[in-house]
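Letter by letter, the chains look like this.
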Amino acid sequence: MIERCVNMDKQLKFDSFNSIVICSTLNQMVNYIPIMLHKIDFEEIYSIRMENSDNELINKKFNYDNWDNNLEKVLNMVQHEQRITFRRNEITSHEFIIKELRKYSEKNLKDKKVLWNITGGQRHFVMAITEFVFSERPNDTIMYYDGDNEKIYYYRKNKKILPRKILKENVNFKISIPKALRLMGFHVKGRENLDEPSNYYKNMKSDKIGNSDEYKWYKNFYNLYCEEGNEKLREILINSNRFQNDKNDKKEITRTVLDKIIEEIEKSDLNTTVKEMFEGEKGKTLKNSISKHKKGKAFGYMLEKMTLYNLIEVISKNSGIKNVIADIDADISVDDGNSSSNETVDQFDVMIATKYGKIIMFECKSGSMGGDTAKSNNYSTYAISGAYGMPIIVIPVINKKNVFKVVKFETNVLKLNSRETDVKGNENLYEQIGIAVKSAERANLEVCCISQLKCFIEKYINVK
């Protein structure tokens, strides 16, 4: 029986191992961090894995070649790590797995201090490794990386070793969103340097972000948007998801979705402070920010920016959280990194990477009636976050109960060659958001009201 470590073995240091044996897995972050923390030479990495299947469906889901290649690319390894490969008919025998481990150990691991990382390993490998190491290599160490608690637990037959908290150690390797996703087989478009964080992150760390007019606009607008008495503002913007661009006979756009939002604000009985956000220099800042999105999901984009900048605001004011964050970015497009066409396989609204390898995604659901609805029912791509990822759905209300109420809304936007949906009364303002919430809850995903971002980031970023 393995006994959890409770007493400190001061002789065990992060750089005290010659080699590491890992288990090939989809989320190679659980192998990357231990390799870097323990400063193990790349030539001393041994990967236990299955042989790729001839069955196309199985191979697509469990592609060990791709998983190992993902780790090698991030490590910039000149040669492959040494692979200990098993055929599928071989893993039916527990004794056979141990026999192969013994054979490989005698040939390659003699007189070496080995760290055996069972994180991500399939059960048959974990059981065999545990029995083999405790029976035949009692001076070796087994480790398990608990990504949720950011700790590495060590197990050795004859010694007890205190678990180590990743962030308490002096680490000098870099985590970024492109690197984290590369370890899971995805390539972030426009961010080729895996060690470099986003401009948002760099400006946040240097405290330059506060000088941005765009940042100031969204910071102020977020506060107004979340005020208890500004329900009408929230209703106007949620309803604007139904707007379409006006076009003349030549199919040229004469009035954009953003134009209609501004017109709706002007014609409303909202207070002067809110209206001023859409006028003059402030209005120009918004238009510059929206840019190409003014013809499409203008409010959806505004919601993403509100989410991004409020998260940056929260992080900037909390030194503990700020020290844990490794990267933050928005409007992220990814492909599979292998296709010559570089076809986008998914997009993410706001994403955070921590120094201990956790990915937190904020997916904004503004309540549009088109692709946003379809997307709200398909969460398969959240596998991109890996075993220790946290996908969070952000909705544009300050009380989740509101989305299950039937609320009618009459727009003030004039009909000028626009589609009837612009001016027809909205019979159920929150319907599409409600659909997104129910879909998220069925998938056991967290749902966050736009006003609760501070609570969520403090809840899921561990700074203890």
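All figures in this text were calculated on a predicted structure; none of them were measured in a lab. (Residues numbered from 1 in each chain as written. Predicted model: local features only at pLDDT ≥ 70, side-chain atom pairs only at ≥ 80, totals over all residues. Heavy atoms only, no water.)

Participant: I keep staring at the pairing of strand S2 (residues 45-50) and nothing clicks. Help me out?
Facilitator: Each regular strand carries side chains that alternate between the two faces of the sheet. Here S2 lies mainly inside the structure; six of its six residues are buried. Burial of the side chains of S2 extends over both faces: Ile-45, Ser-47 and Arg-49 are buried on one face and Tyr-46, Ile-48 and Met-50 on the other. In terms of strand pairing, strand S1 (residues 19-23) meets S2 through four bridges, oriented parallel. Bridging from a neighbouring strand, Val-21 pairs with Tyr-46 of S2. With helix H1 (residues 29-37) bridging S1 and its parallel neighbour S2, the resulting β-α-β unit is right-handed. Sheet analysis places S2 next to strand S3 (residues 82-86), joined by five bridges and oriented parallel. Bridged to Ile-48 within S3 is Ile-84. (Buried < 20%, exposed > 50% of the residue type's maximum accessible area, 1.4 Å probe, protein only. Helix = DSSP H or I, 4+ residues; strand = E, 2+ residues; numbered from the N terminus. Pairing = 2+ DSSP bridges. Right-handed = clockwise from strand over helix to strand, strands pointing away.)

Participant: Whenever I open this one, the packing of aromatic side chains confuses me. Can you help?
Facilitator: Here a ring pair, both rings aromatic, is described through the centre-centre distance and the interplanar angle of the planes. This structure, assessed with the given rule, holds 15 aromatic pairs. Between Tyr-46 and Tyr-104, the ring centres sit 5.8 Å apart and the planes meet at 80°, which makes this aromatic pair edge-to-face. Linking Tyr-46 in strand S2 with Tyr-104 in helix H4 (residues 94-108), this pair joins segments that are 58 residues apart in sequence. Of the two residues examined, Tyr-46 and Tyr-104, each falls in the buried class. Where Tyr-218 meets Tyr-309, the ring centres are 5.8 Å apart and the plane angle is 25°; that geometry is what we call stacked. On the criterion of sequence distance, the pair formed by Tyr-218 in helix H8 (residues 213-225) and Tyr-309 in helix H13 (residues 298-317) is long-range, its members being 91 residues apart. Across the pair, Tyr-309 and Tyr-218 agree in class, each one buried. (Phe/Tyr/Trp six-rings, centres within 6.5 Å; stacked < 30°, edge-to-face > 60°.)

Participant: Can you walk me through the sheet that holds S2 in this structure?
Facilitator: Paired through backbone hydrogen bonds, the strands of a sheet run either parallel or antiparallel to each other. In spatial order, the strands read S3-S2-S1-S4-S5-S6-S7; together these seven strands make up an open sheet with mixed pairing. Looking at the sheet topology across the chains shown, the edges are occupied by S3 and strand S7 (164-165). Sheet topology places strand S5 (residues 141-146) next to strand S6 (residues 151-155); five bridges connect them, and they run antiparallel. Each bridged residue has a counterpart across the sheet, and for Ile-142 the counterpart in S6 is Tyr-155. Lying over the sheet, helix H5 (residues 123-136) contacts S1, S2, S3, strand S4 (114-117), S5 and S6, oriented at roughly 135° with respect to S2. (Contact = heavy atoms within 4.5 Å. Axes fitted to C-alpha atoms, helices over the stretch in contact; angles between N-to-C directions.)

Participant: Would you mind showing me how to read the pattern of salt bridges here?
Facilitator: Side-chain pairs of opposite charge can arise whenever the charged atoms involved come near each other. Enumeration over the complete set of coordinates arrives at 28 salt bridges. The shortest N-O distance in the salt bridge between Arg-83 and Asp-65 comes to 3.9 Å. Of this pair, Arg-83 sits in strand S3 while Asp-65 sits in helix H3 (residues 64-75), placing them 18 residues apart in sequence. Among the ionic contacts, a cluster of salt bridges with common partners joins Arg-49, Asp-65, Asp-68, Glu-72 and Arg-83. (Salt bridge = Lys/Arg side-chain N within 4 Å of Asp/Glu carboxyl O.)

Participant: I'm lost on helix H17 (residues 431-442) in this one. Help?
Facilitator: Along an α-helix, residues three or four apart share an orientation, since each turn contains 3.6 residues. Taking 1.5 Å per residue as the helical rise, H17 with its twelve residues ought to reach 16 Å, and the 17 Å between its terminal C-alpha atoms agrees with that figure. Burial in H17 covers these residues: Gln-432, Ile-433, Gly-434, Ala-436, Val-437, Ser-439 and Ala-440. One or two positions beyond H17, positive phi appears at Asn-444, with a value near 60°. (Expected span 1.5 Å × (residues − 1).)

Participant: Would you mind showing me how to read the state of the cysteines here?
Facilitator: Joining two cysteines, a disulfide is a covalent bond between their sulfur atoms. Throughout the structure, instances matching the rule amount to zero disulfides. Considering cysteine sulfurs only, Cys-449 is the nearest to Cys-448, which forms no disulfide, with 6.7 Å between them. By relative accessible area, which is 0% here, Cys-448 ends up buried. The class for Cys-449 is buried, based on a relative accessible area of 3%. (Disulfide = S-S within 2.5 Å.)

Participant: Can you walk me through unusual backbone geometry in this structure?
Facilitator: Excluding glycine, residues mostly have negative phi values, and the peptide bonds linking residues are mostly trans. At Asp-111, a residue that is not glycine, the phi angle is positive and equals roughly 60°. Mapped onto the secondary structure, Asp-111 falls in the loop between H4 and S4. If you check the backbone angles, Asp-207 has positive phi at about 65° while not being a glycine. With a relative accessible area of 53%, Asp-207 lands in the exposed category.

Participant: What is the right way to read H13 from this model?
Facilitator: The terminal C-alpha atoms of H13 lie 29 Å apart, and with 20 residues this matches the ideal 28 Å at 1.5 Å per residue to within 8%. Counting buried positions along H13 yields 18 of 20 residues, so the element is predominantly enclosed.

Participant: Explanation requested: the nonpolar core in the structure shown.
Facilitator: In globular proteins that are soluble, nonpolar side chains generally tend to be buried together. Counting residues in hydrophobic clusters, the biggest one holds 111 residues, and the most contacted among them are Tyr-32, Phe-221, Tyr-225, Met-302 and Phe-362. Those residues in contact with Tyr-32 that lie beyond four places of it in its chain are Leu-71, Val-74, Leu-75, Phe-173, Lys-174, Ile-175, Lys-179 and Leu-183. (Core = buried A, V, L, I, M, F, W, Y, C linked by side-chain atoms within 4.5 Å.)

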